[in-house]
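# Structural description and commentary
Residues per chain are reported as follows:
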Amino acid sequence: RRARRHPPHTCQDTLREEGNRFFLTSSFCRLSYIRRLNQILTHMKYGVSRQTLLLTAGLVWTLAGGKVLAIGLAAWLHEHTHAWYFKTGEATLVFLLFFCLVFHRLFRKYTARIRGKSEKNCPFAFFDTRGWLIMAFMMTLGIVVRLFELLPPLFIAVFYTGLAFALIGTGIRFLLHWYSFRRSL
């Protein structure tokens with residue numbers, strides 16, 4: 001007996017839920033491509049492990065610090081100042097302020113958050129929504145300040161250099177935490 005086929009415009013495709021899995025049901029369920037799609041949908045498991053989140057966080061923080069350092073050093077090289085040791089001291093102060101007061105708390109918060117997550121997570125879940133918004137705001141602010149030259153280049157050189165080393169240091173802390181967490185499993 002032949003199955004009656006409906007034209008595509010009368011197809012009633014729906015997505016039904018059973019438990020935590022979704023199945024594609026259709027008037028064309030006998031077709032092999034629908035079955036294959038159904039198999040793919042039920043077996044797909046997106047997500048990365050907690051180890052991968054720690055590794056990703058470390059790489060993102062380190063790469064962001066490297067980019068900020070390149071901008072800071074470029075601004076530093078364009079300024080010809082004889083008081084470089086004062087500027088180095090100021091950059092060290094910026095580093096200590098950000099590394100000890102800001103990024104230390106963020107490191108502890110995000111590592112505890114990552115350790116408390118399940119085994120399958122979104123690859124970008126090493127930050128929470130607030131963290132992503134703050135990062136986007138800071139990047140936008142930095143681009144606007146440099147684009148419209150709102151601050152002198154020497155300030156940008158000092159501030160970006162200190163901030164960059166704090167970012168890189170925090171990224172290295174994430175990578176070390178990832179390494180120790182990986183070994184403990």
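Not measured: the values here are computed from a predicted model.

## Concerning the overall build of the protein
- Counting secondary structure elements, the protein contains five helices and two strands.
- Listed N to C, the secondary structure of the protein is β-β-α-α-α-α-α in terms of helices and strands.
- Split into buried and exposed, the 185 residues of the protein put 32% on the buried side.
- Considering only residue pairs separated by 6 or more positions, the protein has 68% of its internal contacts joining residues 24 or more positions apart.
- If you sum the accessible surface of the protein, you get close to 13000 Å²; carbon and sulfur atoms cover 65% of it.

## Looking at the side chain of Thr-111
- With respect to the element layout, Thr-111 can be found in helix α3 (residues 84-115).
- For Thr-111, a relative accessible area of 7% translates into the label buried.
- Polar side-chain contacts of Thr-111 include one of 2.8 Å to the backbone oxygen of Phe-107.
- Other than its neighbours up to four places away in sequence, Thr-111 contacts Leu-54, Phe-174 and His-177.

## Some details on the packing of aromatic side chains
- Following the criterion strictly, the structure yields 16 aromatic pairs and no others.
- Between Trp-61 and Phe-127, the aromatic rings sit 6.0 Å apart at their centres with planes inclined by 75°, giving edge-to-face as the arrangement. Here Trp-61, found in helix α2 (residues 50-78), pairs with Phe-127, found in the loop between α3 and α4 (129-147); they are 66 residues apart in sequence, far enough to count as distant. No difference in accessibility class separates Trp-61 from Phe-127, as the two residues are buried.
- Where Trp-61 meets Phe-174, the ring centres are 5.8 Å apart and the plane angle is 40°; that geometry is what we call tilted. Taken together, the residues Trp-61 in helix α2 and Phe-174 in helix α5 (residues 153-184) connect sequence positions 113 residues apart.
- The buried category is assigned to Phe-174, whose relative accessible area is 1%.

## Points about unusual backbone geometry
- Unlike most non-glycine residues, Glu-149 shows phi in positive territory, near 50°.
- Its place among the elements puts Glu-149 in the loop between α4 and α5.

## Looking at the confidence of the model for the protein
- Overall, the prediction assigns the protein a mean pLDDT of 82, with 75% of residues at 70 or greater.
- Note that residues 6-24 has pLDDT below 50 and, in this model, 34 contacts with residues that lie over four places away or in other chains.
- Segment residues 26-30 is flagged for pLDDT under 50; beyond a separation of four residues in sequence, or across chains, it makes 15 contacts in the model.

## Details of α4
- In this model α4 runs 27 Å from its N-terminal to its C-terminal C-alpha over 19 residues, within 8% of the 27 Å that 1.5 Å per residue would give.
- Inspection of α4 places Gly-131, Gly-142 and Val-145 among the buried residues, and these make up the whole buried set. Along α4, the residues classed as buried sweep out an arc of 70° about the axis, all on the same side. Within α4, the exposed residues directed more than 90 degrees away from the buried face are Thr-129, Leu-133, Phe-137 and Leu-147.
- Just past α4, the residue Glu-149 takes up positive phi, approximately 50°.

## Quick notes on the environment of Phe-159
- Along the polypeptide, Phe-159 turns up in helix α5.
- Residue classification places Phe-159 among the partly exposed positions, given a relative accessible area of 24%.
- Residues Phe-159 and Thr-92 lie 67 residues apart in sequence; the distance between their C-alpha atoms is 9.3 Å.

## A word on the packing of α2 against α3
- Two elements in contact, α2 and α3, have axes whose closest approach is 13 Å; the angle formed by their N-to-C orientations is 165°. As judged from the angle between their axes, α2 and α3 are roughly antiparallel. Two packed elements cross with a definite hand, and for α2 against α3 that hand is right-handed. Seen from α2, the contacting residues are Arg-50, Leu-53, Leu-54, Trp-61 and Trp-76; seen from α3, they are Trp-84, Lys-87, Thr-88, Ala-91, Phe-103, Leu-106, Thr-111, Ile-114 and Arg-115.

Rules of the game
- Residues numbered from 1 in each chain as written.
- Predicted model: local features only at pLDDT ≥ 70, side-chain atom pairs only at ≥ 80, totals over all residues.
- Heavy atoms only, no water.
- Helix = DSSP H or I, 4+ residues; strand = E, 2+ residues; numbered from the N terminus.
- Buried < 20%, exposed > 50% of the residue type's maximum accessible area, 1.4 Å probe, protein only.
- Contact = heavy atoms within 4.5 Å.
- Areas by Shrake-Rupley, 256 points an atom, 1.4 Å probe, with all protein chains shown as cover.
- Polar contact = N/O pair within 3.5 Å; in protein donor to acceptor, adjacent residues only side chain to side chain.
- Phe/Tyr/Trp six-rings, centres within 6.5 Å; stacked < 30°, edge-to-face > 60°.
- pLDDT = per-residue confidence, 0-100.
- Expected span 1.5 Å × (residues − 1).
- Arc of directions from axis to C-beta.
- Axes fitted to C-alpha atoms, helices over the stretch in contact; angles between N-to-C directions.
- Parallel < 35°, antiparallel > 145°, perpendicular 65-115°, else oblique.
- Left-handed = near helix turned anticlockwise from the far one by under 90°.

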